[in-house]
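Observations on chain architecture
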Amino acid sequence: MIEAPAGIQDSPRVLIVDDEAMGRRLMRQHLPAGYQVTECADAESALRAVRGSQHDVALVDVLLPGLDGFALCRQLKGDPLTADMPVIVVTAKSGIEDLEQGFEAGATDYVRKPFNPRELTARVRNAVELKQRGDSIRRWNERVARDLALAGALQRSLLAPRPYLTEGMHIHTAYQSSIEVGGDFFDMITLSDGRIALYVGDVAGHGVGAAIAATLLKASLTELLREHAGAGPARIANELHRLFLNQLRAPGLYATLFLALVDPAQRQWRCINCGHPAPLVIAPPGLKRCDFETRGGPPVGFCLAGDNPYAEDDEINLALPEEVTVMLVTDGLLEAENPAQPEASTRLALVELIQHWRQTRSAPPMEFIFKGMREAGFDLSNDDCTALLVEQIPHDEIIFQQSGPLTHEGLTKLANDLELALRGHGWPENSVWATHLLLIEHGANVLKHGRPGPDATLSAQVRMGAEALELLVRDGGQPWKYEEVQASEPGEATDHGRGLLMIQRIASYVASHREGEENLTLFAVLRDWQVPS
């Protein structure tokens, strides 16, 4: 193998493979000036050469010792490192079958012997330009992919699935984009008058434009909800619609939106539906299904809708029984296809999964539901999928609610009282013991990592179901999440590490939320919990 001295970094590199020195010299001397050349006399040395450095084009003689030119071409095209390198076969054969064989092996072009110098120069130059353009496109695509990955990471941080927990309502969320960035947006906000604003939206289309619009709408809607305290959903939607039209100025861009202002104490829902799929309503047998489909308006930003497309008459006002659970979704989830069962209903599948989870509570709710949809054959990868599961807490399911000082003594009393309440309701002994231990260990972590003040309190609420209970703990410590506390911190005893491990083994799922100056943490404990073997 003969390699010319390296020239400038961007000068094209040509690999010449011919077992005859004269053939290599003739091809080399007719290449454009400034090209770097590597000469090889057989296929094996050529393969070694391309592994050592990149080349822009290969001139390969068909008749080589050992592996012939066609076999070398197939190997070059089969290797990811050289698959994009153009290969020009050089042959003395003129039959169409020989040329066809070269192209089937992956050759980009061919030159017949004896070759015309000007033809050789032109074909090599065209191949080099083709390679360099391909490299430029590849580098551009890599840069775009990196930028999209960064944008997706930033957007996912803004839309990170997080719960919203109170003693009367639990909200669990899930967000999954079909590509790096998505057009869905959602949030839950506590307003100054005590209402909770829930919304989920979907910008039409995919890609960067939809993602930027979704991010703008989320930020703007959050600001409008806080700025117009006490306003109804129709007014908020009109403000958002005008802002969308004025700032984005894109006639083909719009967003569907479902916005609900919920009074958790009265279970009163005041909603506006702007062209969005209606929520799913899950109610026990005997309860009338609440209908969110009676009214609505056009999508936000729809250019033909005027400046004030929404009126109070378009609002939906419902007093939901406390046993009702609601799921807000985007169409990516509702329109997911099931190739094995094309007629399968996504709404029915979602409702059945939610009902099953509410009965068992054996896993985090959104993980349970999304996994169940995939296992049922639904493809959730073709569009962005967002869901908010809003579970109202019936009063008759709460069997314990008590608070006390956030001290070791106060924690012990609270855990002992909780244990008595569970036994009084006939809860199995193993699960009683596990729930007692869970509260003690969690409280100890709050005392250690939450750094509570001297007047801080800790409260516990237990909701009892048929197959599991939920323990909601509210504490006045500093912001922290038990998931982020390392099981073994340098220089410390391993007691807390063991405590965290106990919590993980006891709870079928854990969710945490920061509201104002307090932490709320939700644990689920199965009725038939047993000590792990």
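In short, a report on the structure. (Residues numbered from 1 in each chain as written. Predicted model: local features only at pLDDT ≥ 70, side-chain atom pairs only at ≥ 80, totals over all residues. Heavy atoms only, no water.)

For the rest of this paragraph, the subject is the overall build of the chain. Broken down by element type, the chain carries 13 helices and 21 strands. For the chain, whose C-alpha radius of gyration is 33 Å, the value lies well above the compact-globule estimate of 24 Å for 533 residues. Here the C-alpha coordinates of the chain stretch approximately 100 × 65 × 45 Å along the principal axes. Burial statistics for the chain: of 533 residues in total, 51% are counted as buried. A separation of at least 24 residues holds for 70% of the contacts in the chain among residues at least 6 apart in sequence. Accessible surface, the chain as shown: approximately 24,900 Å² in total, 52% of it carbon and sulfur. Positive and negative charge centroids in the chain, built from 49 and 73 side chains respectively, lie 5 Å apart. (Helix = DSSP H or I, 4+ residues; strand = E, 2+ residues; numbered from the N terminus. Rg over C-alpha atoms; globule rule 2.2 N^0.38 Å. Buried < 20%, exposed > 50% of the residue type's maximum accessible area, 1.4 Å probe, protein only. Contact = heavy atoms within 4.5 Å. Areas by Shrake-Rupley, 256 points an atom, 1.4 Å probe, with all protein chains shown as cover. Lys, Arg positive; Asp, Glu negative; His and termini not counted. Charge placed at Lys NZ, Arg CZ, Asp CG, Glu CD.)

In space, the five strands of this open sheet follow the order E17-E18-E19-E21-E20, with antiparallel pairing throughout. Edge strands, defined here as strands with exactly one partner in the open sheet, are strand E17 (398-405) and strand E20 (509-515). The average undirected angle you get between the axes of adjacent strands in this sheet is 15°. Note that strand E18 (residues 457-464) and strand E19 (residues 468-475) share seven bridges and pair antiparallel. The partner of Leu458 across the bridge, within E19, is Asp475. (Pairing = 2+ DSSP bridges. Axes fitted to C-alpha atoms, helices over the stretch in contact; angles between N-to-C directions.)

Take helix H7 (residues 233-248) next. Side chains that are three or four residues apart share a direction in an α-helix, a result of its 3.6 residues per turn. The end-to-end C-alpha separation of H7 is 22 Å, in line with the 22 Å expected for 16 residues at 1.5 Å each. Of the positions making up H7, those classed as buried are Pro233, Ala234, Ile236, Ala237, Asn238, Leu240, His241 and Phe244. Positive phi appears at Arg249, one or two residues downstream of H7, with a value of about 50°. (Expected span 1.5 Å × (residues − 1).)

Let us look at the layout of surface pockets. Taken as a whole, the second largest pocket spans an internal volume of roughly 310 Å³. If you list the elements that add at least two residues to the lining of the second largest pocket, you get helix H9 (346-360), E18 and E19. Looking at the lining of the second largest pocket, its residues break down into eight nonpolar, three polar and six charged. (1 Å grid on protein atoms, 1.4 Å probe; cavity = no way out; pocket = protein on both sides within 12 Å on 5 of 7 lines; lining within 4 Å. Points joined across faces, edges and corners; volume = space filled by probe spheres on them. Nonpolar A, V, L, I, M, F, W, Y, C, P; charged D, E, K, R; others polar.)

Here we take up the sheet that holds strand E12 (residues 268-274). Ordered in space as E9-E10-E11-E12-E14, the five strands form an open sheet in which the pairing is antiparallel. The strands lining the two open edges of the sheet, one partner per strand, are strand E9 (184-190) and strand E14 (316-319). When the angles between neighbouring strand axes are averaged without regard to direction, this sheet yields 15°. When strand E11 (residues 255-263) meets E12, the two strands line up antiparallel, connected through seven bridges. For Leu261, the partnering residue across the bridge sits in E12 and is Arg270. Of the strands in this sheet, E9, strand E10 (196-203) and E11 are in contact with helix H6 (residues 208-227), which crosses E9 at around 15°. Where H7 meets the sheet, it contacts E11 and E12, and its direction lies at approximately 30° from that of E12.

Take unusual backbone geometry next. Of note, the bond from Lys113 into Pro114 is cis; its omega dihedral lies within 30 degrees of zero at -10°. Position of Pro114 relative to the elements: it lies in the loop between strand E6 (109-112) and helix H5 (117-158). Positive phi outside glycine occurs at Arg267, with the angle close to 60°. Relative to the elements of secondary structure, Arg267 occurs in the loop between E11 and E12. Accessibility expressed as a relative area gives 7% for Arg267, which makes it buried. Unlike most non-glycine residues, Arg361 shows phi in positive territory, near 50°. Assessed through its relative accessible area of 6%, Arg361 is described here as buried.

Moving on to the side chain of His436. Along the chain, His436 falls in helix H12 (residues 429-449). Look at His436 and you get buried, because its relative accessible area is 18%.

All chains considered together, the criterion is met by zero disulfides. Free cysteine: Cys73, not disulfide-bonded; nearest cysteine sulfur from Cys40 at 15 Å. By relative accessible area, Cys73 is classed as buried at 0%. (Disulfide = S-S within 2.5 Å.)

Evaluated as defined, the whole model comprises eight aromatic pairs. Where Tyr254 meets Phe302, the ring centres are 6.1 Å apart and the plane angle is 85°; that geometry is what we call edge-to-face. Of this pair, Tyr254 sits in the loop between H7 and E11 while Phe302 sits in the loop between strand E13 (280-282) and E14, and the two are 48 residues apart along the sequence. Centre to centre, the rings of Trp357 and Tyr509 are 6.0 Å apart; their planes meet at 40°, and the pair counts as tilted. Of the two residues, Trp357 sits in helix H9 while Tyr509 sits in strand E20, which places them 152 residues apart along the sequence. Look at Trp357 and you get buried, because its relative accessible area is 0%. (Phe/Tyr/Trp six-rings, centres within 6.5 Å; stacked < 30°, edge-to-face > 60°.)

Bringing the pairing of strand E8 (residues 169-176) into the picture now. Counting buried residues in E8 gives eight out of eight residues, a clear majority hidden from the surface. Two elements, strand E7 (residues 164-165) and E8, share two bridges in a ladder whose sense is antiparallel. Looking across to E8, one finds that Tyr164 is bridged to Ile171. Count of turn residues in the E7/E8 antiparallel hairpin: three residues. Here E8 pairs with strand E16 (residues 385-392) via eight bridges, running antiparallel. The residue of E16 that forms the bridge with Ala174 is Ala387.

What follows concerns the pattern of salt bridges. Counted according to the given criterion, the structure contains 27 salt bridges. One salt bridge in this structure joins Asp61 and Lys113, with 2.9 Å as the shortest N-O distance. Residue Asp61 is located in strand E4 (residues 57-61), and its partner Lys113 is located in the loop between E6 and H5; the two are separated by 52 residues in the primary sequence. One network of salt bridges, in which partners are shared, links Arg358, Arg361, Glu391, Glu397, Arg463 and Glu470. (Salt bridge = Lys/Arg side-chain N within 4 Å of Asp/Glu carboxyl O.)

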